[in-house]
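Okay, here's what each chain looks like letter by letter:
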Amino acid sequence: MALKLNQSEFEIHRDEQKCISCQVCVRQCSNDVHEYDEDNESIISDNIKCVGCQRCETLCPTGAIRIKQRESEFKYNYNWSPGHLKNIYKQAETGGVILTGMGSDKPYTIYWDHILFNASQVTNPSIDPLREPMEIKTFIGRKPDKIDLYKSSGKNMKNPVFLTNLGPQLEAEIPVLFSAMSYGSISLNAVKSISRAAYEFGTFYNTGEGGLHKDLKKYSESTIVQVASGRFGVDKDYLNSGAAIEIKIGQGAKPGIGGHLPGEKVNYEVSTTRMIPEGADAISPAPHHDIYSIEDLAQLISALKEATEYKKPVGVKVSAVHNIAPIASGIVRAGADFISIDGFRGGTGAAPQVIRDNVGIPIELALASVDIRLREEGIRHNISLLVAGSIRSSSDVIKAIALGADAVYIGTAALLALGCHLCQKCYTSKCNWGIATQDPYLTKRLNPEIGARRLYNLLTAWAHEIKEMLGGAGINAIESLRGNREHLRGIGLSEKELSILGIKHAGEAW
Amino acid sequence: MQGRLGKVKKIFIREEFCIACRLCEIYCQVEHSKSKKILKAFKEEKDLISRVLVEEVGFNSFAIQCRHCSEALCVEACISGAMIKNKNTGIVICDENKCVGCWMCIMACPYGVIKRNISEKKVASKCDLCGDEEYPVCVKNCPNEALQLRDI
Amino acid sequence: MSNILEDNHLKAKYVIIGNSAAGLSCAEGIRSGDKKAKIMILTNEKFDNYSKPLISYFLAGKIDLKNIFFKDHDFYKKHSLTLLKDFNVKKINFRNKEILSWDDKKVIYEKLCIAAGGVPIIPQVELAFLSEKEEPGNNSNDSHIKHGRSGIKSRIISEIDIKNIDGIFTFTTMDDSLKIKKYVTANKIKESVILGGGLIGLKSAESLLSLGIRINIIEMSGRLLPSSFDKTASEIYEKAFRDKKSSVSVNKTIKRVYIKNNKVVAVETGDGKVIYTDMLVIAAGVKPNIDFIDEETEERKNLVFLRGIKTDKYMRTEVRDVFAAGDIVENKNVLKNSIENIAIWPLAVRQGMAAGQNMAGFFKEYSGGFPMNSVEIFDIPGVAIGITNPDNFDKKHLEIITDYNRDLNVYKKIVIFENKIIGVLLIGNIERAGIFSGLITNKVNVGKIKDLLLKDDFGVIQLPAEYKKHLVTGDAVAL
Ligand SMILES: Cc1cc2nc3c(=O)[nH]c(=O)nc-3n(C[C@H](O)[C@H](O)[C@H](O)COP(=O)(O)OP(=O)(O)OC[C@H]3O[C@@H](n4cnc5c(N)ncnc54)[C@H](O)[C@@H]3O)c2cc1C
Ligand code: SF4
Ligand code: SF4
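Residues numbered from 1 in each chain as written. Chains lettered and ligands numbered in written order. Predicted model: local features only at pLDDT ≥ 70, side-chain atom pairs only at ≥ 80, totals over all residues. Heavy atoms only, no water.

Engineer: Summarise the pairing of strand β26 (residues 410-417) of chain C; cite the residues concerned and give the values.
Structural biologist: Residues and elements named next belong to chain C. Burial runs high along β26: eight of the eight residues are buried. Residues of β26 alternate between two faces, with Val410, Lys412, Ile414 and Ile416 on one and Tyr411, Lys413, Val415 and Phe417 on the opposite face, all of them buried. Note: strand β25 (residues 398-405) against β26, eight bridges, orientation antiparallel. From the neighbouring strand, Ile400 faces β26, where its bridge partner is Val415. Where β26 meets strand β27 (residues 420-427), seven bridges bridge the pair, whose relative direction is antiparallel. Pairing of Phe417 across the sheet is with Lys420, part of β27. Hairpin geometry of β26 and β27 is characterised by an intervening segment of two residues between the two adjacent antiparallel strands and by a positive phi of about 45 degrees at Glu418. (Buried < 20%, exposed > 50% of the residue type's maximum accessible area, 1.4 Å probe, protein only. Helix = DSSP H or I, 4+ residues; strand = E, 2+ residues; numbered from the N terminus. Pairing = 2+ DSSP bridges.)

Given below as structure tokens:
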């Protein structure tokens, strides 16, 4: 065997004074980093196998372990960064595409961090959300062009009758939904945690392209079922067991390419849920083979609406690409009730690193340009706009809404709440946190009762923070913030960026 | 465990969530050590005994400790009167002063959760639900709630 | 507790003969249903209560008088029990529901539980009384003589002899233990012969050894603890005895005991060997204590089946309102499906409880039991459960699996009949022994897990799914 050139990414520091050789680390690491040496009654750790997931560090009862990023691995070179070297060494060894997991970690501009939110002073009063009602409930679905009311005369004047036929709407208690993460890419316990949290909080989760496991049917009123190019698990019953349907065209982390769930992850449960043979590779083609135009998309949308008797909103998920604004316009015209746009920093279970880090555009820019374009075309109200791709906090949510989103999808944030430590090794299926794996030894580690509780807590916390910020800005309903760019200011952004975002620079008054 | 909430409490085993980390065993050893301090106990004390036992085969595992049976076979078998069931709290406890280490209880317990402690005087060692602690330490330190304290 | 001796016509709704495992458990059983009626407990001993199995620990000095009680001092008060100490039952007049003592006290009962336990078996050993000049062993070839060559007086040993002659003891009561303790200290005893290598023999041996006394065990059968051990198990302990400069002689009996100046001086084995000793412990087993049930009466015939008092599943005897429990009883051996006397503590407690509850009017079933015992001698723990020497079982359906690690002194033997465990012998490593008791009690089919039974990590997790589930998720109810 030839020499391997890659060095370890992490250093494991074990404080021998604190280590009691209880072997929790040995048992918990699925990468076999730690090993108990009977002769010395001590534990030896192998840096090179460590992926930095910090499971051992978290569980060590004496705090004896520290996982540290290993510094100065390679001789400094601005041009040839360690990333390039490592990839080249690896590819020279394997001849393969470099796979990765989660969203891109490359230092492109994060626009959320260059946008500031407003607050009231003197001329308009702020609102205390603890004392006064504050509405963050959000309806997702096509809104009518105008509202017709029948007003009777005489005594009944007070109770007008609503004449407009409003299409199906999703009613979310918070403008935050859980994004599509399929059973298969994540464990059933992870999906159970997410679906239960959505159900209990009164929001929605998305099945992803993995079908709907029978244990999750009880949460169907909080479920958005996805129809992707592989059409896994799709039948009439599936379509009808969700509250809404989402056609998946693309994913932010890997625009333009399909997916591949290797056969070894297709165990009995996954196979019955996806309706494919056990052990067979689950391949999602890059395009839907029946969609080559907006017209084709329109046909699928209406087919799905037919199948569900026009009772459920049907949406379309696309990745944020350069032409996103006209594409979105087409999607509205194809009859979709909502559009989900996934920015290029969106998470993934597995994607070629070269695509993840180099294809697509940031969600902030995509969102702003879509919102502006649809307004210009006068069709913004015809659709709800959901955005995803690295929504990290309640402030990201609030900024997204002021930039024109109806609601956001969170994926990575949800997984973090479940314990994910962003080691980005989802594709190895050895997730030590029991999330991105189907290994029963590992999936047990995620107790869905705890998972659901943590996610519920996260939503509760964000809801409080959102209300706090709205109140500060003198707004008592999230509806009033939607697309209200006057509440946003850019900082450290160029004229061009500001104009795409449609916001003023910090320091500029109304 | 009456006195905590005035109710009899019991530890429930949830096999599907046990991840075989054995933290329960570690904390049990500490709780029943002299110092009750993890580093001191493990570094300086000898013969720490865990009264909860993690069993593991493949990915199946669970932690099992005294079930504090309603008709406790160990109590029935005890020749010294050391093993008694408190009628109010439901807890079965071995009075280590009285225990003579005859192991009748070990022979009788169908769960196999009583251990020989021969470090000093021979005594039977078993779960005491951590006496005055609000939660038994195994329950408190299980990272995945595979052990749960519930009222019965 | 009160000890009312002035009144010699005592009456109680419930009377219990026996103040030990079965008797006190019976009292608790009665109180679980009847909180008020008078319960009277009779004992021929002078102690509040004590645990018989602890007398060896007491002798060895491992526990003091304070800890020999297995029920604490307010047990009697808490359950309002009247304890009559020194009440030595002479006879029971079942027709009049009267119990009479040797010192003419009388107790009248409505319901009676006989829990008088067992008494030591005294084997047919000859006592030879030597004069000052005579030496043991001269007349070894003649076992029939009443007056030997040199005019040696001899007779078959009796209970009175054990009381009166110095250095001969039985070992089943606290009194025995106290007497031995006194004797060995007063006479600075260095060596003792023990007749019998059963449980009591071993327990007394261990106590005496820990007092620095060398031991000579004479066992009639081919091994120690013949009812529970097999040859391998026995040898582990035999070797341990040898290591302590003591000896175990199997396949040997004592035919004669030499007495000089009313004191033991030697014993002679069946094959004529003379062993000089200052002390002899007779540990030839125990039998149900039924002497106070008049041999002549109709009731005796009804009560006694083989050697003990026969009881049904409610611990009732054939005589109206009379129950029995503990070592005195004959009941079902569930493994052999026979009626026999199983003299062990846990069953005494269980039977006592059932008897008491039934006396108070419940229908609490006692479903039978099987023998089991635990010993720890020279720090080698040993457990024998059920039938460990299956002689009368159809060989076709019988399987015996064993594992013997000589270096570690660990021996395991499992007896399986028709895919169910009926016996387990564990020496050296008894961790989790109770799992086997559970498997035996619940008649769990172990056909699929046979090769796991002997593994070191054998535990609940390997058990058949149904039974495992019962143990893990079951509401901790007794099986
Ligand atoms: C040395 C020794 C060690 C033992 N070790 C073990 C062991 O490790 N494990 C085990 O399971 N078992 C052991 N046993 C057996 C165990 O002690 C008995 O199974 C148990 O004591 C039986 O309880 P019982 O209540 O039936 O009778 P006992 O304990 O024999 O009690 C009989 C009671 O009846 C009273 N009594 C008897 N005759 C009369 C009378 N005429 N008048 C009034 N009262 C009377 C006595 O005072 C006593 O209170 C051991 C026994 C001995 C002697
Ligand atoms: S601490 Fe919890 S999860 Fe870990 S082994 Fe014990 S019971 Fe199982
Ligand atoms: S070992 Fe101790 S607690 Fe167990 S039966 Fe013997 S005396 Fe009782």
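Engineer: Please set out the sheet that holds strand β19 (residues 309-310) of chain C residue by residue, giving values where relevant.
Structural biologist: All names here are of chain C. Taken together, three strands build an open sheet; the order of strands is β19-β21-β22 and the sheet is mixed. Two strands bound the open sheet, and with one partner strand each, they are β19 and β22 (338-340). For strand β21 (residues 329-333) and β22, the ladder comprises three bridges, and the chain directions are antiparallel. Looking at the pairing, Lys332 lines up with Ile339 of β22.

Engineer: Report on the site of ligand 2, specifying residues and quantitative values.
Structural biologist: Of all residues adjacent to ligand 2, which total 13 residues, the nearest are B:Cys18, B:Cys21, B:Arg22, B:Cys24 and B:Cys142. The residue inventory of the shell around ligand 2, partitioned by class, reads twelve nonpolar, no polar and one charged. (Near = heavy atom within 4 Å. Nonpolar A, V, L, I, M, F, W, Y, C, P; charged D, E, K, R; others polar.)

Engineer: I'd love a proper account of a nonpolar patch on the surface, names of residues and values included.
Structural biologist: All names here are of chain A. A contiguous nonpolar surface patch, about 370 Å² in accessible area, is contributed by Ile147, Leu149, Phe162 and Leu166. Looking at where Leu166 falls in the secondary structure, it is placed in the loop between β9 (161-162) and β10 (170-172). The class for Leu166 is partly exposed, based on a relative accessible area of 40%. (Patch = residues over 30% accessible without salt bridge, like charges linked within 9 Å, V, L, I, M, F, W, Y side chains within 5 Å. Areas by Shrake-Rupley, 256 points an atom, 1.4 Å probe, with all protein chains shown as cover. Salt bridge = Lys/Arg side-chain N within 4 Å of Asp/Glu carboxyl O.)

Engineer: Tell me about the side chain of C:Ser177, residues and numbers included.
Structural biologist: Residue position: C:Ser177 is located in helix α5 (residues 174-186). Once residues within four sequence positions are removed from consideration, C:Ser177 is found in contact with C:Ile55, C:Phe58, C:Leu59 and C:Phe171. (Contact = heavy atoms within 4.5 Å.)

Engineer: Before we move on, can you summarise the packing of aromatic side chains with the specific residues and values?
Structural biologist: Applying the stated criterion to the full structure yields 14 aromatic pairs over all chains. Centroid distance C:Phe70 to C:Trp345: 4.8 Å. Interplanar angle 80 degrees. Geometry classified as edge-to-face. Taken together, the residues span a long stretch of sequence, with C:Phe70 in the loop between α2 (55-59) and α3 (75-78) and C:Trp345 in helix α9 (residues 345-359) at a distance of 275 residues. Judged by its relative accessible area of 9%, C:Phe70 is buried. Ring centres 5.5 Å apart and planes at 75 degrees place the aromatic pair C:Tyr404 and C:Tyr411 in the edge-to-face group. When its relative accessible area of 4% is taken as the criterion, C:Tyr411 is described as buried. Sitting above the plane of the A:Trp433 ring, A:Arg55 keeps its charged end 4.7 Å from the centroid. The ring of C:Phe305 carries the charged tip of C:Lys310 above its face, separated from the ring centre by 5.5 Å. (Phe/Tyr/Trp six-rings, centres within 6.5 Å; stacked < 30°, edge-to-face > 60°. Lys NZ or Arg CZ within 6 Å of the ring centre and 35° of its normal.)

Engineer: Explain the pattern of salt bridges residue by residue, including any values.
Structural biologist: Using the criterion set out here, one finds 79 salt bridges over all chains in the structure. Linking A:Arg66 and A:Glu57 is a salt bridge whose minimum nitrogen-to-oxygen distance equals 3.1 Å.

Engineer: Give a description of the arrangement of the chains that names residues and reports values.
Structural biologist: Pairwise contact counts over the two pairs of chains in contact peak for chains B and C. Between chain A and chain C there is no contact, and the shortest C-alpha to C-alpha separation is 15 Å.

Engineer: Can you explain the interface of chain C and chain B? Please cite residues and give values.
Structural biologist: Chain C puts 45 residues into the contact, and the matching count from chain B is 41 residues. Between chain C and chain B lies a buried interface of about 3,600 Å² when both sides are counted; carbon and sulfur atoms form 56% of it. Counting the contacts that link chain C with chain B gives eight salt bridges. C:Lys468 serves as the salt-bridge partner of B:Glu15, at 2.9 Å between the closest nitrogen and oxygen. Inspection of the region where chain C meets chain B yields 17 residue pairs in polar contact (both at pLDDT 80 or more). (Buried area = accessible area lost by both parts, 1.4 Å probe. Polar contact = N/O pair within 3.5 Å; in protein donor to acceptor, adjacent residues only side chain to side chain.)

Engineer: Outline the interface of chain B and chain A, listing residues and values.
Structural biologist: In this complex, chain B contributes 25 residues to the contact, which on the side of chain A involves 23 residues. Interface of chain B and chain A: buried area, both sides summed, is about 1,900 Å²; carbon and sulfur atoms make up 58% of it. The partner of B:Glu145 in a salt bridge is A:Arg453, and the shortest N-O contact between them spans 2.8 Å. Counting the contacts that link chain B with chain A gives twelve residue pairs in polar contact (both at pLDDT 80 or more). Elements supplying a minimum of two residues to the side of chain B that touches chain A: α1 (23-31), α2 (38-44) and β3 (60-64) of chain B. It is α2(B) that contributes the most residues to the side of chain B that touches chain A, four residues altogether. Residues of the side of chain B that touches chain A, tallied by class, amount to 13 nonpolar, five polar and seven charged.

Engineer: Tell me what's going on with the nonpolar core, and back it up with residues and numbers.
Structural biologist: Residues and elements named next belong to chain C. Grouped together as the largest cluster of nonpolar side chains are 182 residues, with contacts concentrated most on Ile99 and Ile114. The element that contributes the greatest number of residues to this core is α9, accounting for seven residues. Setting aside anything within four residues of it in sequence, one finds Ile99 in contact with Val15, Ile17, Leu42, Phe87, Val89, Lys91, Ile92, Lys105, Lys106, Val107, Tyr109 and Leu112. (Core = buried A, V, L, I, M, F, W, Y, C linked by side-chain atoms within 4.5 Å.)

Engineer: How would you explain the site of ligand 1 if you had to name every residue and give the values?
Structural biologist: Taken together, the neighbourhood of ligand 1 is formed by 36 residues, with C:Ser20, C:Thr43, C:Lys52, C:Asn289 and C:Asp327 sitting nearest. Neighbouring residues of ligand 1 are distributed over chains B and C. Here an oxygen atom of ligand 1 and a backbone polar atom of C:Ala21 are 3.3 Å apart. C:Asn44 places a polar side-chain atom, nitrogen or oxygen, 2.8 Å from an oxygen atom of ligand 1. Considering ligand 1 on its own, with 980 Å² of exposed area, one finds that the protein chains cover 96% of that surface. Breaking the shell around ligand 1 down by element, the ones donating at least two residues are α1 (21-31), α6 (199-210) and α9 of chain C. Each of domain 1 (9-47 + 69-118 + 287-359) and domain 2 (126-284) of chain C contributes no fewer than three residues to the shell around ligand 1. (Domains from an automatic or database assignment.)

It is worth stressing that arrangement in space is one thing and function is another; only the former is reported here.
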